[in-house]
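# Working through the structure, step by step
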Amino acid sequence: MIQQIIHSLQRRRAMSRYASCIPTGLHPLSRIRTAAVFLDFEERDCEDSKALAEDFFKKHGIEVHFYYNDPASINRYGGLKSSELNPDGICEEDLFISLLDSTDFFIHFSAVSSRAITKIGRVQLPKNVFDIVVNGADEQKSSQIDSLRTIFDILSLIK
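Everything numeric here is computed off the predicted structure, so don't read it as measured data. (Residues numbered from 1 in each chain as written. Predicted model: local features only at pLDDT ≥ 70, side-chain atom pairs only at ≥ 80, totals over all residues. Heavy atoms only, no water.)

What follows is about the overall build of the protein chain. Of regular secondary structure, the protein chain possesses 4 helices and 5 strands. Traced from its N-terminal end to its C-terminal end, the protein chain shows the element sequence α-β-α-β-β-α-β-β-α. Taking all 159 residues of the protein chain together, 48% fall into the buried category. Total accessible area computed for the protein chain in this model is approximately 8900 Å², and 50% of it derives from carbon and sulfur atoms. (Helix = DSSP H or I, 4+ residues; strand = E, 2+ residues; numbered from the N terminus. Buried < 20%, exposed > 50% of the residue type's maximum accessible area, 1.4 Å probe, protein only. Areas by Shrake-Rupley, 256 points an atom, 1.4 Å probe, with all protein chains shown as cover.)

Here we take up the environment of L148. On the secondary structure map, L148 appears in helix 4 (residues 144-157). Classification of L148 as buried rests on a relative accessible area of 0%. Along the chain, L148 and A53 lie 95 residues apart, while their C-alpha atoms are 7.6 Å from each other. When sequence neighbours within four positions are dropped, the list of residues in contact with L148 reads S49, L52, A53, I97 and L99. (Contact = heavy atoms within 4.5 Å.)

Right, let's talk about the packing of helix 2 (residues 46-59) against helix 4 for a bit. Remark: helix 2 packs on helix 4, axes separated minimally by 9 Å, with the N-to-C direction vectors making an angle of 15°. Of the possible angle classes, the one that applies to helix 2 and helix 4 is roughly parallel. Judged by the sense of rotation from one axis to the other, the crossing of helix 2 with helix 4 is right-handed. Listed contacts from helix 4 to C46, D48, S49, L52, A53, F56 and F57 of helix 2 are Q144, I145, L148, R149, F152 and S156. (Axes fitted to C-alpha atoms, helices over the stretch in contact; angles between N-to-C directions. Parallel < 35°, antiparallel > 145°, perpendicular 65-115°, else oblique. Left-handed = near helix turned anticlockwise from the far one by under 90°.)

Next up on the list: helix 2. Its 14 residues give helix 2 an end-to-end C-alpha distance of 20 Å, which sits within 8% of 20 Å, the value for a rise of 1.5 Å per residue. Residues of helix 2 that are buried include every one of C46, S49, A53, F56 and F57, and no others. Across the axial projection of helix 2, the buried residues extend over an arc of 95°, all falling on one side. In helix 2, the exposed positions that point more than 90 degrees away from the buried face belong to E47, D55, K58 and K59. Lining the buried residues of helix 2 we find strand 1 (34-39), strand 2 (63-68), strand 3 (95-98) and helix 4. At the C-terminal side of helix 2, G61 shows a positive phi close to 70°. (Expected span 1.5 Å × (residues − 1). Arc of directions from axis to C-beta.)

Turning to the pattern of salt bridges, a few remarks are in order. Throughout the structure, instances matching the rule amount to 3 salt bridges. Here R122 and E43 are joined by a salt bridge, their closest N and O atoms 3.4 Å apart. Of this pair, R122 sits in the loop between strand 4 (118-121) and strand 5 (132-133) while E43 sits in the loop between strand 1 and helix 2, and the two are 79 residues apart along the sequence. With a relative accessible area of 23%, E43 lands in the partly exposed category. Linking R149 and D146 is a salt bridge whose minimum nitrogen-to-oxygen distance equals 3.3 Å. Note that R149 and D146 are positioned in helix 4 at a spacing of 3 residues, about one turn of the helix. (Salt bridge = Lys/Arg side-chain N within 4 Å of Asp/Glu carboxyl O.)

This next bit is on the sheet that holds strand 4. Pairing is parallel in the open sheet, where 5 strands are placed in the order 2-1-3-4-5. This sheet does not close on itself; its edge strands, each paired only once, are strand 2 and strand 5. As defined by bridge partners, strand 1 adjoins strand 3 across 4 bridges and the pair is classed as parallel. Residue pairing for strand 3: A36 is matched across the bridge by F96. With respect to the sheet, helix 3 (residues 105-113) is in contact with strand 1, strand 2, strand 3 and strand 4, its orientation differing from that of strand 3 by roughly 165°. Across the sheet, helix 4 touches strand 1, strand 3, strand 4 and strand 5, and the angle it forms with strand 3 is around 150°. (Pairing = 2+ DSSP bridges.)

Right, dumping it as structure tokens:
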């Protein structure tokens, strides 16, 4: 019980300490140099989504990095291990795309602390972290790959 309280306090402290103050919004692909794509390794279309993202970003001359909600890449507080990013475990890419269909601490911390100028997700997080939310119509949730196709369509329209 006490460990859970301490763990929760540590997470809240990390969230406020590392929260990005960089303003976000919709930016054309010409302003994007690097992109971070967070994939759910448990969904069956994970590898297809990765291949689609690699093709799209390569075509636009954008360097892409992939991150997974794999327990091996998550630190003890629930954020990304620092060895994958900068020493503080903060995402430094210009574009942040979360294809995770959840609001758990891992993606919440990653999105809030990200230095990206445009943030896109499948589920809106508290305080409206994402500039665009794409996840199907009505009660029908879209897959990672369908969400990614929609995201790419939207990004291609921004001038």
